[in-house]
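Inside the fold
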Amino acid sequence: MELLEFARGPALMFSITVFIAGVLFRIFSLLFMWRTKDTSAAHPGQKPEIMAALSDILRRMWPLATYRQRSLFQWINGYVFHIGLFIVVFFLLPHILFINDLTGLSWGHLPNNLVYAISIVTLISLIAALIMRASNPPQRLISTFDDYFSWLVTFLPVLSGIVATMHIGARYETLLALHILSVCLLLIYIPFGKLMHFFLVFITRGQTGAHIAHRRRTTVLKGE
Amino acid sequence: MTDQTTARNDAQAAADRFLALNSGNLASYLESCVRCGLCATACHFYEVTGDPKYTPAYKLFPMARAHKKNSWPWRWFGGAKITEAELQEWEELLFDSCTMCGRCTQVCPMGIDIASIVSASRSAFAAAGRGPEDFMQAAENVREKGSPLGMTPSVFDGRVEWLEDDYEVDLPMDKEGSDILLTVSSIEMMKYPKSIIAMARLLNHAGVNWTFSSTGYEATNFGFLAGKPDIAKLALERIVNAAEELGAKTVVIPECGHAYGALRWSGANILGRALPFEVLHITELLSRLKADGKLKFRPIEGSITYHDPCQISRRGGATHLARFLLDDAEDFREMTPTGDENWCCGGGGGVQAMERAADLRHKVFQIKMKQVEDTGAQMMVSSCANCRLTMDGSKDYWKWDRELESLAELLVEYLVDDDGEPVEWDD
Ligand code: SF4
Ligand code: SF4
């Protein structure tokens, strides 16, 4: 079998299966754990828990003013590569055609040159994130294998995609196969590490939001 | 048993406790940290030392490891075991250098509540016999003597009688049918008795039907802070039983932040049933009395600022009440940052009671000194005796010249009667 056929065929099917099964497993094993129930009386005038959870999910999209200055670079850089990845994955024409082949779904695309430019920015932003991780003392200390490996499996598809587009170094088919294989690696790894934060972020922000709102005094005093 | 077996057993005891406490809520936090390190900038211990070991996310490590060891799919790979060396390394990080102030949670893009993990971790470490000796002993004192500072019921009784005589103030004891059971923190009783007098005078003036209890008097809960659930429950039951016997509808926590958190938010959860009374911090009660027109104050003189105790403002939600009580001040100045984002005093979470953490606390207080100096205020008011004790200690250490004052003690000096005439006290 040609490498490209292998990548497009069995390798991709296998990794998609691991990805879906793994992600569902992680989500359900967490959701089915016993949870502590807060039986303390909420301060009066509370907004419903679900609203509190949703508003914290939104609130944490941007740092509070007090903490903003010192974290601004990381926040902005984080947004750059998150949004960059999203655009490159879902708005590059070849990707849409590929997804269309697999699922039958389709949507509008952005101009190829624009997406290529964004992929370069994303690549640089990922490198900046790595430099930050390796040089900022708190981040360096708390970084684990998972952090570096997650970075690598995110970085490789971007890099190999750019290389394939530019046709550098090898036959296009080989470059494309390597690109697809790097995506396979990413898909397989997602359920095993911190990349699960794409989903977990909603749980943790939500539960903390509800927890904090439970303790907020919204009314003052009289006639309470 | 050899030392090695003991060490293994300790590590196992810690691991077992971790698993027993590992709820879906905590596991979600443990799994979601992206190790961005942003929390470091929020933590006063990192701020003043620049030492990366104080990064809040680092404090999640032991529990995260215990969790991983036992959950799929990591289980397949064996996972990492908790070791004696880790217990050794993290003891200082979980006890001496976390005040459970919750500031890191405000910054965390994932919304991880690190303080709740630290609390569970302390419990696991305590099960392994870990924790600063003096602090753990203070918790044991609760069991044996009724209070962390050894204030037994008879000492308490004696002190109340003495205060009653000395200050000529009515301090009702075990008065059945009282609406309110007022508790005290032993820190106040031993070091700041005037704040107890101040509370009593304010309540008496407002015509509140209140009492102390000779059995449920201690507001602080060191069992809770030290990770000893049996002691936490015992301390709680003393208050609950006393309130039920006296028929009190409300239990009031004095100027103490963690005591408020332990009873107000964790009480029902520890007890396993809803509390049979309402819990108010003294600032909540005083605000209510002021709003109802039962307490009136004349303008407070001089320039003042307010230190938000973490457990009352950020984690208690009563941030605006202190401002409401101080709105008569002639010259009130807010610190930067303030309110829910205020810096911790450095002594919360029981850190105040750990002698070996003193140097670290003094360092942390430098943040507060700078904050206050930047406002230019002469006096810093607060409503937590634990903050006050921490700050008083550091103030002496740095020979700092600004005044520290308790909110209740300040207010009682500015109390006026219905005709607007100052109320005089004969001390
Ligand atoms: S800020 Fe939150 S996600 Fe980032 S390292 Fe700290 S705990 Fe982890
Ligand atoms: S709760 Fe406070 S003291 Fe503890 S790690 Fe977070 S910021 Fe630091």
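What counts and what doesn't
Residues numbered from 1 in each chain as written. Chains lettered and ligands numbered in written order. Predicted model: local features only at pLDDT ≥ 70, side-chain atom pairs only at ≥ 80, totals over all residues. Heavy atoms only, no water. Helix = DSSP H or I, 4+ residues; strand = E, 2+ residues; numbered from the N terminus. Rg over C-alpha atoms; globule rule 2.2 N^0.38 Å. Buried < 20%, exposed > 50% of the residue type's maximum accessible area, 1.4 Å probe, protein only. Contact = heavy atoms within 4.5 Å. Lys, Arg positive; Asp, Glu negative; His and termini not counted. Charge placed at Lys NZ, Arg CZ, Asp CG, Glu CD. Axes fitted to C-alpha atoms, helices over the stretch in contact; angles between N-to-C directions. Parallel < 35°, antiparallel > 145°, perpendicular 65-115°, else oblique. Nonpolar A, V, L, I, M, F, W, Y, C, P; charged D, E, K, R; others polar. Near = heavy atom within 4 Å. Buried area = accessible area lost by both parts, 1.4 Å probe. Salt bridge = Lys/Arg side-chain N within 4 Å of Asp/Glu carboxyl O. Polar contact = N/O pair within 3.5 Å; in protein donor to acceptor, adjacent residues only side chain to side chain. Left-handed = near helix turned anticlockwise from the far one by under 90°. Phe/Tyr/Trp six-rings, centres within 6.5 Å; stacked < 30°, edge-to-face > 60°. Core = buried A, V, L, I, M, F, W, Y, C linked by side-chain atoms within 4.5 Å. Pairing = 2+ DSSP bridges. pLDDT = per-residue confidence, 0-100. Domains from an automatic or database assignment.

1. Re the overall build of chain A
The secondary structure content of chain A amounts to nine helices and zero strands. When the helices and strands of chain A are placed in sequence order, the string is α-α-α-α-α-α-α-α-α. Its C-alpha atoms give chain A a radius of gyration of 22 Å, more than 25% over the compact-globule value 17 Å for 224 residues. Summarising its shape, the C-alpha atoms of chain A cover approximately 75 × 40 × 40 Å along the three principal directions.

2. Looking at the overall build of chain B
Counting its secondary structure elements, chain B contains 20 helices and 10 strands. Taking 2.2 N^0.38 as the reference for a compact globule, 427 residues should give roughly 22 Å; the C-alpha atoms of chain B span a radius of gyration of 22 Å, in line with that estimate. In chain B, buried positions account for 65% of the 427 residues. Intrachain contacts of chain B at a sequence separation of at least 6 include 81% that bridge at least 24 residues. Averaged over its 44 positive side-chain charges, chain B has a centre that lies 9 Å from the centre of its 64 negative ones.

3. Some words on the environment of B:Ala206
Along the chain, the position of B:Ala206 falls in the loop between helix H11 (193-205) and strand S2 (210-211). With sequence-adjacent residues up to four places away left out, B:Ala206 is seen in contact with B:Leu289, B:Lys294 and B:Leu295.

4. So, the packing of helix H18 (residues 358-375) of chain B against helix H19 (residues 385-398) of chain B
All names here are of chain B. Running from amino to carboxyl end, H18 crosses H19 at an angle of 90°, the nearest separation of the two axes being 9 Å. In terms of their interaxial angle, H18 and H19 are classed as roughly perpendicular. Touching Arg361, His362, Phe365, Gln366, Lys368 and Met369 of H18 are Thr390, Met391, Gly393, Ser394, Lys395, Tyr397 and Trp398, all from H19. In the contact of H18 with H19, the residues fall into five nonpolar, five polar and three charged.

5. Quick word on the site of ligand 2
Residues and elements named next belong to chain B. As a structural note, the neighbourhood of ligand 2 is formed by Cys43, His44, Phe45, Pro56, Lys59, Cys98, Thr99, Met100, Cys101, Gly102, Arg103 and Cys104. Within the residue set of the shell around ligand 2, elements represented by two or more residues are helix H3 (44-49) and helix H6 (103-107). Residue composition of the shell around ligand 2, by class: seven nonpolar, three polar and two charged.

6. Observations regarding the interface of chain B and chain A
The interface of chain B with chain A comprises 66 residues on the first partner and 52 residues on the second. Carbon and sulfur atoms supply 56% of the area that chain B and chain A bury against each other, a total of about 5100 Å² over both sides. Where chain B touches chain A, the interface holds five salt bridges. The salt bridge involving B:Glu47 is made with A:Arg70; its shortest N-O contact spans 2.8 Å. There are 32 residue pairs in polar contact (both at pLDDT 80 or more) connecting chain B and chain A. Those elements that place two or more of their residues in the side of chain B that touches chain A are helix H1 (3-21), helix H2 (24-32), H3, H6, helix H14 (257-265), helix H15 (267-271), helix H16 (282-291) and helix H17 (319-325) of chain B.

7. Some words on the packing of helix H7 (residues 145-166) of chain A against helix H8 (residues 172-189) of chain A
All names here are of chain A. Running from amino to carboxyl end, H7 crosses H8 at an angle of 155°, the nearest separation of the two axes being 8 Å. Judged by the angle between their axes, H7 and H8 are roughly antiparallel. Regarding H7 and H8, the two cross each other, and that crossing is left-handed. Along the contact surface, H7 presents Asp146, Phe149, Ser150, Val153, Thr154, Leu156, Pro157, Ser160, Gly161, Val163 and Ala164, while H8 presents Tyr172, Leu175, Leu176, Leu178, His179, Ser182, Val183, Leu185, Leu186 and Tyr189.

8. Brief notes about the packing of aromatic side chains
Residue and element names in this part refer to chain B. Across all of its chains, the model carries 23 aromatic pairs over all chains by this definition. Here Tyr58 and Trp90 contribute two aromatic rings whose centre-to-centre distance is 4.8 Å and whose plane-to-plane angle is 45°, an arrangement assigned as tilted. With a gap of 32 residues between them, Tyr58 in the loop between H3 and helix H4 (61-69) and Trp90 in helix H5 (residues 84-94) connect regions that are remote in the sequence. Trp90 gets classed as buried once you look at its relative accessible area, which sits at 3%. Ring plane angle 20° and centroid distance 6.2 Å describe the contact between Phe61 and Trp90, whose orientation is recorded as stacked.

9. Digging into the nonpolar core
All names here are of chain B. Ile112 and Phe135 are the most contacted members of the largest nonpolar core, which totals 65 residues. The leading source of residues in this core is helix H7 (residues 114-127), at eight residues. The contacts of Ile112, once residues within four sequence positions are left out, are Tyr29, Ser32, Cys33, Leu60 and Thr105. One finds Val169, Ile197, Leu286 and Val412 within the second-largest nonpolar core, a separate group that totals 48 residues.

10. Description of the sheet that holds strand S8 (residues 379-382) of chain B
Residues and elements named next belong to chain B. Taken together, the four strands give an open sheet; going across it, the order is S7-S6-S8-S9, and neighbouring strands pair in parallel fashion. The outermost strands of the open sheet, each flanked by one partner alone, are strand S7 (331-333) and strand S9 (403-406). The average angle at which neighbouring strand axes cross in this sheet is 35°, direction not considered. In this structure, strand S6 (residues 303-307) lies alongside S8, joined through four bridges in parallel fashion. What sits directly across from Thr305, in S8, is Met380. Helix-sheet contacts for H19 involve S6, S8 and S9, and the interaxial angle to S9 is about 165°.

11. Structural notes on the confidence of the model for chain A
Predicted confidence across chain A gives a mean pLDDT of 93, with 96% of residues reaching 70 or more. Highest mean pLDDT in chain A belongs to helix H6 (residues 137-142) of chain A (98); lowest belongs to helix H4 (residues 93-103) of chain A (94).

12. Comments concerning the sheet that holds strand S3 (residues 250-253) of chain B
All names here are of chain B. The sheet built from four strands is open, its strands ordered S2-S1-S3-S4 with parallel pairing. At either margin of the open sheet sits one strand with a lone partner, and together these are S2 and strand S4 (278-281). By the bridge criterion, two bridges tie strand S1 (residues 180-182) to S2 in an arrangement that is parallel. Its bridge partner being in S2, Ile180 is matched across the sheet by Trp210.

13. A word on the side chain of B:Thr183
Residue and element names in this part refer to chain B. Along the polypeptide, Thr183 turns up in the loop between S1 and helix H10 (186-191). According to the relative accessible area criterion, Thr183 is buried, its value standing at 0%. Separated by 2.8 Å, the side chain of Thr183 and the backbone oxygen of Val252 make a polar contact. Dropping the residues within four chain positions of it, Thr183 is found in contact with Met199, Gly216, Tyr217, Ala219, Ile239, Val251, Val252, Ile253 and Pro254.

14. Focus on the site of ligand 1
The full set close to ligand 1 counts 13 residues, and B:Cys33, B:Cys36, B:Gly37, B:Cys39 and B:Cys108 are the nearest of them. More than one chain reaches ligand 1: its neighbouring residues belong to chains A and B. Taken together, the residues of the shell around ligand 1 break down into 11 nonpolar, one polar and one charged.

15. Digging into the domain arrangement of chain B
Residue and element names in this part refer to chain B. Split by domain assignment, chain B resolves into domain 1 (3-131), domain 2 (135-288) and domain 3 (294-416). Distance between the C-alpha centres of domain 1 and domain 3: 30 Å. Contacts between the two partners involve 25 residues from domain 1 and, on the opposite side, 22 residues from domain 3. Summed over the shared surface of domain 1 and domain 3, the number is three salt bridges.

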